[in-house]
Number of protein chains: 2
Amino acid sequence: ESRLPGSATHQIGVAGAVVDESNGKVLVVQDRNKTKNAWKFPGGLSDPGENIGATAVREVFEETGVHAEFRSLLSIRQQHNHPGAFGMSDMYMICRLGPLTYDINFCTRECLRCEWLDLAELAKTDDTTPITSRVARLLLHGLEHGFNKIDLSMEELPAVYSGRFYQLYHRQLPPTLKS
Amino acid sequence: ESRLPGSATHQIGVAGAVVDESNGKVLVVQDRNKTKNAWKFPGGLSDPGENIGATAVREVFEETGVHAEFRSLLSIRQQHNHPGAFGMSDMYMICRLGPLTYDINFCTRECLRCEWLDLAELAKTDDTTPITSRVARLLLHGLEHGFNKIDLSMEELPAVYSGRFYQLYHRQLPPTLKS
């Protein structure tokens, strides 16, 4: 890495795709103020110092009232000169979450609608964004063939600097190669 | 996503693991000013507006003199309160690159050593960092069983806003689910 300190160039956005494996449904919302009639995964910007998974869990709860837990990282989008980001670049991460509760109590200030939608329906509808559609197909593949086909798993590891930890995401290694 | 604009909280660092598939070697460096005797993948901070893959290719060339091309994203590390990052958080991405040239002409200002090292040796040596060791094992698995086991592939897609593109990374979908 460069020896010169850099500056912060990216904001981090995180969405959570909460998948109910028992029935193949996923939790989606329609924004009140953005793209009309487009189903999306709930999400928002990371707070300073907040881990990716924590942002996903927090935003899902704030928007939908559903409690969920982090399972994996699925997709990353990098975008520059994003409108509304005022010169910053944007790193948008989509995580897979598992539901802990199921009752929807959505935030009417942010969302027009919130539903548990069939993944197969989300994968083929036009009422969504291209990235949501893509991830729906990825999740459908995972539901049918195992989420290990699509997941990046996370591990928390101690940094070289004492008392600090970092979170590392990559494809799961076979047990023989793990340590 | 939240309706309020955020602020940039993260710097983006990128390393490039250049793998020579013909002999199982990978391009590694030892920093002049950092951890002693630790083999690492060459890398550094993204310039504003620069894509992940472009940073990897640029940094590999600047540090080692080797030309390479982007193949996939392998791993992501998120770290907060990183020493030297002055309150920023750090997102560190490791990419897999393919070599276009092989002759080493390394930057003596940044590096003490630079070599094509056996992946198997990098995976088991103590003279490396934990994250490099982990990714070496991941690459070894990929070399033996196909890189499609470990890769996130990249696609450039048009944004909803005209004239802009974003880069999307995720596990490759089977052809039937692609569009």
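Everything numeric here is computed off the predicted structure, so don't read it as measured data. (Residues numbered from 1 in each chain as written. Chains lettered and ligands numbered in written order. Predicted model: local features only at pLDDT ≥ 70, side-chain atom pairs only at ≥ 80, totals over all residues. Heavy atoms only, no water.)

## Section: the overall build of chain A
Next, step 1: What chain A contains, in helices and strands, is 3 helices and 9 strands.
Next, step 2: When the elements of chain A are put in sequence order from the N terminus, they spell out β-β-β-β-α-β-β-β-α-α-β-β.
Next, step 3: At 17 Å, chain A has a C-alpha radius of gyration in line with the 16 Å of a compact globule built from 179 residues.
Next, step 4: Considered along the principal axes of its C-alpha atoms, chain A spans approximately 50 × 45 × 25 Å.
Next, step 5: Every one of the 179 residues in chain A was classed for burial, and the buried ones make up 57%.
Next, step 6: Restricting to contacts in chain A with at least 6 residues of sequence separation, those with at least 24 account for 62%.
Next, step 7: Of the roughly 7700 Å² that chain A leaves accessible, carbon and sulfur atoms contribute 49%. (Helix = DSSP H or I, 4+ residues; strand = E, 2+ residues; numbered from the N terminus. Rg over C-alpha atoms; globule rule 2.2 N^0.38 Å. Buried < 20%, exposed > 50% of the residue type's maximum accessible area, 1.4 Å probe, protein only. Contact = heavy atoms within 4.5 Å. Areas by Shrake-Rupley, 256 points an atom, 1.4 Å probe, with all protein chains shown as cover.)

## Things to note about the confidence of the model for chain A
Low pLDDT marks regions whose predicted coordinates should not be analysed in detail.
Next, step 1: Residue-level pLDDT values for chain A average 91, and 93% of them are 70 or greater.
Next, step 2: Overall fold confidence (pTM) sits at 0.93, and the ipTM for the predicted complex is 0.91. (pLDDT = per-residue confidence, 0-100.)

## Digging into the relation of the copies chain B and chain A
Next, step 1: Each copy of the sequence occupies a distinct position, and chain B is placed on chain A by a rotation of 180° and an axial shift of 0.0 Å, giving an RMSD of 0.0 Å. Each copy turns onto its partner about a two-fold axis.
Next, step 2: When the interface residues of chain B are mapped onto chain A, 100% of them again fall at the interface, so both copies present the same face. (Least-squares fit on C-alpha atoms with pLDDT ≥ 70 in both.)

## Observations concerning the interface of chain B and chain A
Next, step 1: Between chain B and chain A, the residue contacts involve 71 residues of the former and 71 residues of the latter.
Next, step 2: With both sides pooled, the region where chain B packs onto chain A buries about 6500 Å², and carbon together with sulfur makes up 57% of that total.
Next, step 3: Our count for the contact surface shared by chain B and chain A stands at 2 salt bridges.
Next, step 4: Where A:E155 meets B:R134, a salt bridge forms, and the shortest distance between an N and an O atom there is 2.7 Å.
Next, step 5: Remark: the boundary between chain B and chain A carries 21 residue pairs in polar contact (both at pLDDT 80 or more).
Next, step 6: Of all the elements in the fold, those that place two or more residues in the side of chain B that touches chain A are β1 (10–20), β4 (43–45), α1 (52–64), β5 (68–79), β6 (89–99), α3 (130–145), β8 (153–158) and β9 (165–170) of chain B.
Next, step 7: Take the side of chain B that touches chain A: its biggest share by element is 7 residues, from β5(B). (Buried area = accessible area lost by both parts, 1.4 Å probe. Salt bridge = Lys/Arg side-chain N within 4 Å of Asp/Glu carboxyl O. Polar contact = N/O pair within 3.5 Å; in protein donor to acceptor, adjacent residues only side chain to side chain.)

## Section: the packing of aromatic side chains
Next, step 1: Tallied over the full model, the rule gives 4 aromatic pairs over all chains.
Next, step 2: Ring centres 6.0 Å apart and planes at 35° place the aromatic pair A:Y102 and A:W116 in the tilted group. Remark: A:W116 occurs in strand β7 (residues 111–118) and A:Y102 occurs in the loop between β6 (89–99) and β7; sequence separation between them is 14 residues.
Next, step 3: Accessibility expressed as a relative area gives 18% for A:W116, which makes it buried.
Next, step 4: The residue whose ring lies beneath B:R77 is A:Y166, and the NZ or CZ to ring-centre distance is 5.5 Å.
Next, step 5: Its guanidinium or amino end placed over the ring of B:F147, B:R96 lies 3.9 Å from that ring's centre, counting from NZ or CZ. (Phe/Tyr/Trp six-rings, centres within 6.5 Å; stacked < 30°, edge-to-face > 60°. Lys NZ or Arg CZ within 6 Å of the ring centre and 35° of its normal.)

## Looking at the environment of A:D31
Next, step 1: Within the secondary structure, A:D31 sits in strand β2 (residues 25–31).
Next, step 2: Remark: the alpha-carbon pair of A:D31 and A:R109, spanning 78 residues in sequence, is separated by 9.2 Å.

## Here's the deal with the nonpolar core
Next, step 1: Membership of the largest hydrophobic core comes to 42 residues, with the highest contact counts inside it found for A:I76, A:M93, B:I76 and B:M93.
Next, step 2: If we skip the residues at most four places from it in the chain, A:M93 touches A:I12, A:G13, A:V14, A:A15, A:I52, A:L73, A:S75, A:I76, B:I76 and B:M91. (Core = buried A, V, L, I, M, F, W, Y, C linked by side-chain atoms within 4.5 Å.)

## Details of α3(B)
Residues and elements named next belong to chain B.
Next, step 1: Under the 1.5 Å per step criterion, the end-to-end length of α3 is 23 Å for 16 residues, consistent within 8% with the ideal 22 Å.
Next, step 2: In terms of residue burial, α3 counts as a mostly covered element, since 12 of its 16 residues are buried.
Next, step 3: Among the residues of α3, those classed as buried are I131, T132, S133, R134, V135, A136, R137, L138, L139, L140, H141 and G142.
Next, step 4: Positive backbone phi, at 105°, marks G146, one or two positions downstream of α3. (Expected span 1.5 Å × (residues − 1).)

## Overview of the pattern of salt bridges
Next, step 1: Under the defined criterion, the tally for this structure stands at 26 salt bridges over all chains.
Next, step 2: Here A:K25 and A:D118 are joined by a salt bridge, their closest N and O atoms 3.7 Å apart. A residue pair is termed long-range when its members are at least 10 positions apart, and A:K25 in strand β2 and A:D118 in strand β7 qualify at 93 residues.
Next, step 3: Close ionic contact of B:E21 with B:R96 constitutes a salt bridge, the shortest N to O distance being 4.0 Å. Highlighted residues: B:E21 in the loop between β1 and β2 (25–31) and B:R96 in strand β6, separated in sequence by 75 residues.
Next, step 4: The class for B:E21 is partly exposed, based on a relative accessible area of 46%.
Next, step 5: Residue B:R96 is classed as buried on the basis of its relative accessible area of 6%.

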